[in-house]
Amino acid sequence: MADDIEARLTAVPAPTTSPEGGDGSDHYLERRTLRRGSAGWLLLTGLGVAYVVSGDFAGWNVGLEKGGFGGLAIATVLMGAMYACLVFSLAELSSVLPTAGGGYGFARRALGPWGGFLTGTAILIEYILAPAAIVIFIGDYVETLGLFGLTSSWPVYLGCFVVFIGVHLWGVGEALRFSLVVTAIAVAALLIFAVGAFTEFDAGGLNDIPVDASAFGSNSWLPLGLLGIWAAFPFGMWFFLGVEGVPLAAEEAKDPVRSMPKALAISMGVLALLALITFFAATGAQGANAVKAGNPLIQALEGDGGPTALSRFVNYAGLAGLVASFFSLIYAGSRQLFALSRAGYLPRFLSLTSRRKAPYLGLVIPGAIGFTLAAATGNGERMLNIAVFGATISYALMALSHIVLRRREPDLERPYRTPGGILTSSVAFVLALSALVATFLVDKDAAFIALAVYAVALAYFAFYSRHRLVASAPEEEFAALAKAEAELSRD
């Protein structure tokens, strides 16, 4: 049977050749190789936390305006459940297909080329827009703290992209170690903040947001009613948004089959703990109404008083958290772009790697786009809302991929199996669709902008790139193998 499968695979039509050498040859892949074995489970865990940690410092608190303390609390629990179910599903999928394609690769096998492209594009929207948004927040922090005497933020944007992309070009091992150190500083600051804030904790302040009597189901616990829970979904996501990007490091991981599920599980556990203590400490110290906008951790520590030594420390550490997320999101975007372009879904030249095995164009071009968007708009909140829209689409498609592969290929070798199986991924799928609809409740313009970007990308795929896929790319070979096995089973 193995010989028959190999024979059928060799009969898969070769992709159209191009000036970039996209003929599926060994030379083509040699120019598109990442540095394998650079990250163990600890660096992968640090990467998972780094993606998210800036969301603990600010952003989630806007959900208090949408749903009040109770509404945001319920939304956070539901979104936490969605991410937990999704992470367990991705742990299984990444053990089956440990490549840089991540979500695109999973969907490519389960849902075909269209499903792969839809998923990969949604992930790209998230990981290109999110760094642009976060660098704006970094600029605001630098101005607020009075660093370097800057009165304009665009030099900060430029400096961040140039310096941190430079670190990534230096090498993935060095980049992930840098990310781990900065993330550790940010996590330590959150724990120190919690100790300080809990000394002022008053449960009576949790429900101090005025009740909207006209909202259905409103009360002191749900001041904006039942609909407020739904509207708070995108902000409950901020405690976890990005952790799903860990599988994008699979080709550069040590023993990805073992280390990837372990890193995903530990990352999710750390993030859930940070969400719990940050949420309660910040809202309980000064009341939910006091921290629903602006910088919640600083407001929780200072109240109506002036800066303290602790609040200054947390403020600077917040900058470290933003840097950690910005840095890691650049990494994730470059790897998704690398995988899609290596397989021909996007222009193939974007997947070329340097002598240090870094996808240099996959780093530089998204960085240029991110800097341009940040400098031209200065609207970080809008760009993050667009990123969340893309993220929720990718979550639904990745969860669906798990369901499809479990049903269609029950005998596929799975070194790690998702606890709960299809039930777990089905919960993630339903909650992801609910979160997707909730994005329209928060920012309709952002949702429609994301849809417009999606439409342009789909037109490119429909009329051009789907006819020029590279059959020798790992994700494509994996899908071709599945097709050959299915044909053999029918024979």
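Residues numbered from 1 in each chain as written. Predicted model: local features only at pLDDT ≥ 70, side-chain atom pairs only at ≥ 80, totals over all residues. Heavy atoms only, no water.

Student: For this particular structure, what's the right way to read the overall build of the protein?
Tutor: Looking only at helices and strands, the protein has 18 helices and zero strands in total. Principal axes of the C-alpha set define a box for the protein whose edges measure 75 × 50 × 40 Å. The buried share among the 491 residues of the protein stands at 58%. Taken as a whole, the protein presents about 18700 Å² of accessible surface, with 65% of it coming from carbon and sulfur. The positive charge centre, built from 31 side chains, and the negative charge centre, built from 36, are 6 Å apart in the protein. (Helix = DSSP H or I, 4+ residues; strand = E, 2+ residues; numbered from the N terminus. Buried < 20%, exposed > 50% of the residue type's maximum accessible area, 1.4 Å probe, protein only. Areas by Shrake-Rupley, 256 points an atom, 1.4 Å probe, with all protein chains shown as cover. Lys, Arg positive; Asp, Glu negative; His and termini not counted. Charge placed at Lys NZ, Arg CZ, Asp CG, Glu CD.)

Student: What exactly am I supposed to notice about the side chain of Arg335 here?
Tutor: The topology assignment puts Arg335 in helix H13 (residues 309-342). For Arg335, a relative accessible area of 1% puts it in the buried group. Filtering out sequence-adjacent residues up to four positions away, Arg335 remains in contact with Leu34, Ala100, Val172, Leu248, Glu252, Pro359 and Leu363. (Contact = heavy atoms within 4.5 Å.)

Student: Help me understand the packing of helix H5 (residues 63-96) against helix H16 (residues 422-442), please; the structure alone is not making it clear to me.
Tutor: Each pair of packed helices gets described by two things: the angle between the helix axes and the distance between those axes. Contact pair H5 / H16: the axes reach a minimum separation of 8 Å and the direction vectors enclose 130 degrees. In this view, H5 runs oblique relative to H16, as classed from their interaxial angle. For the pair H5 and H16, the crossing hand works out as left-handed. Of the residues in H16, those touching H5 at Leu78, Met79, Ala81, Met82, Cys85, Leu86, Phe88 and Ser89 are Thr424, Ser425, Val427, Ala428, Leu431, Ala432 and Ala435. Here the contact of H5 with H16 is composed, by residue class, of 12 nonpolar, three polar and no charged. (Axes fitted to C-alpha atoms, helices over the stretch in contact; angles between N-to-C directions. Parallel < 35°, antiparallel > 145°, perpendicular 65-115°, else oblique. Left-handed = near helix turned anticlockwise from the far one by under 90°. Nonpolar A, V, L, I, M, F, W, Y, C, P; charged D, E, K, R; others polar.)

Student: What should I look at first to understand the nonpolar core in this one?
Tutor: Most often, soluble globular proteins have nonpolar side chains that are buried together. By size, the foremost hydrophobic cluster in this structure holds 158 residues, and its most contacted members are Ile138 and Tyr395. Here this core takes 21 residues from helix H6 (residues 103-145), the largest share from any one element. Sequence-distant contacts of Tyr395, that is, excluding residues within four places in its chain, are made with Met82, Tyr83, Leu86, Glu126, Met237, Leu241, Gly242, Glu244 and Ala432. (Core = buried A, V, L, I, M, F, W, Y, C linked by side-chain atoms within 4.5 Å.)

Student: Where do I start with the environment of Phe161 in this structure?
Tutor: Positionally, Phe161 belongs in helix H7 (residues 154-170). Separated by 26 residues in the primary sequence, Phe161 and Val135 have C-alpha atoms spaced 8.4 Å apart. If sequence neighbours within four positions are ignored, Phe161 has contacts with Pro131, Ala132, Val135, Gly166, Phe326, Ile330, Gly367, Gly370 and Phe371.

Student: In this structure, what is going on with H7? I would like to understand it.
Tutor: Turn by turn, an α-helix covers 3.6 residues, leaving residues three or four places apart pointing in a common direction. Taking 1.5 Å per residue, 17 residues should reach 24 Å; H7 reaches 24 Å between its end C-alpha atoms and fits that length. Among the residues making up H7, those that are buried are Val156, Tyr157, Cys160, Phe161, Phe164, Ile165, Val167 and His168. All buried residues of H7 fall inside an arc of 150 degrees around its axis, so they share one side. Of the exposed residues in H7, the ones pointing more than 90 degrees away from its buried face are Val162 and Trp170. For H7, the secondary structure elements touched by its buried residues are H6, helix H8 (172-198), H13 and helix H14 (360-377). (Expected span 1.5 Å × (residues − 1). Arc of directions from axis to C-beta.)

Student: Which parts of the structure should I look at to understand the side chain of His168?
Tutor: Residue position: His168 is located in helix H7. Using a relative accessible area of 2% as the deciding quantity, one classes His168 as buried. Apart from residues no more than four positions distant in its own chain, His168 is found in contact with Ala175, Phe327, Ile330, Tyr331, Ala358 and Leu363.

Student: Is there a simple way to think about the confidence of the model for the protein in this case?
Tutor: Any segment with low pLDDT has predicted coordinates that should not be analysed in fine detail. This prediction gives the protein a mean pLDDT of 88; 92% of its residues lie at or above 70. Low pLDDT, under 50, characterises residues 1-24; the stretch is placed with 43 contacts to residues that sit more than four places away or in other chains. (pLDDT = per-residue confidence, 0-100.)

Student: Help me out: how do you make sense of unusual backbone geometry in this one?
Tutor: At Asp255, a position not held by glycine, the phi torsion is positive, near 45 degrees. Mapping Asp255 onto the fold places it in the loop between helix H10 (233-236) and helix H11 (256-286). Of note in the backbone geometry, Lys357 takes a positive phi value of approximately 65 degrees without being a glycine. Position of Lys357 among the secondary structure elements: in the loop between H13 and H14.

Student: Just checking my understanding: could you explain the packing of aromatic side chains for this structure?
Tutor: Given two aromatic rings, one states the distance between the centres and the angle between the planes to describe the pair. With the rule as written, the count across this model stands at 25 aromatic pairs. Ring centres of Phe389 and Phe440 lie 5.7 Å apart, and the angle between their planes is 80 degrees; on these two criteria the pair is classed as edge-to-face. Remark: Phe440 occurs in helix H16 and Phe389 occurs in helix H15 (residues 380-408); sequence separation between them is 51 residues. Overall, the relative accessible area of 26% leaves Phe440 in the partly exposed class. One aromatic cluster is present, formed by Trp60, Phe69, Trp221, Phe239, Phe279 and Phe280 through successive ring pairs. (Phe/Tyr/Trp six-rings, centres within 6.5 Å; stacked < 30°, edge-to-face > 60°.)

Student: Quick question: what am I supposed to make of the pattern of salt bridges here?
Tutor: A side chain of one charge can pair with a side chain of the opposite charge if their charged atoms are brought near each other. A complete count under the given rule lists 12 salt bridges for this structure. A salt bridge links Arg258 to Asp255, with the nearest nitrogen and oxygen atoms 3.5 Å apart. Each of Arg36, Glu251, Arg342 and Glu475 takes part in a single network of salt bridges with overlapping partners. (Salt bridge = Lys/Arg side-chain N within 4 Å of Asp/Glu carboxyl O.)

Student: Teacher, can you tell me more about the environment of Val314 here?
Tutor: Along the chain, Val314 falls in helix H13. Separated by 117 residues in the primary sequence, Val314 and Leu431 have C-alpha atoms spaced 33 Å apart. Setting aside chain neighbours within four positions, we find Val314 in contact with Phe57, Ala189, Phe193, Leu297, Ile298 and Leu301.

Student: Please clarify how the packing of H6 against H7 should be interpreted in this entry.
Tutor: With their axes 9 Å apart at the nearest point, H6 and H7 run at an angle of 125 degrees to one another. Here H6 lies oblique to H7, going by the angle between them. Two packed elements cross with a definite hand, and for H6 against H7 that hand is right-handed. Between H6 and H7, the contacting residues are Pro131, Ala132, Val135, Ile136, Ile138, Gly139 and Val142 on the first element and Val156, Tyr157, Cys160 and Phe161 on the second. Across the contact of H6 with H7, the residue classes break down as 10 nonpolar, one polar and no charged.

Student: What is the right way to look at the environment of Ser218 in this model?
Tutor: Position of Ser218 among the secondary structure elements: in the loop between H8 and helix H9 (225-231). Each C-alpha atom of the pair Ser218 and Tyr141 lies 36 Å from the other, and the pair is 77 residues apart in sequence. If we skip the residues at most four places from it in the chain, Ser218 touches Val211, Asp212, Ala213, Pro223 and Gly225. A distance of 2.9 Å separates the side chain of Ser218 from the backbone oxygen of Asp212, its partner in a polar contact. Here Ala215 takes part through its backbone oxygen, which lies 3.1 Å from a polar atom of the side chain of Ser218. (Polar contact = N/O pair within 3.5 Å; in protein donor to acceptor, adjacent residues only side chain to side chain.)

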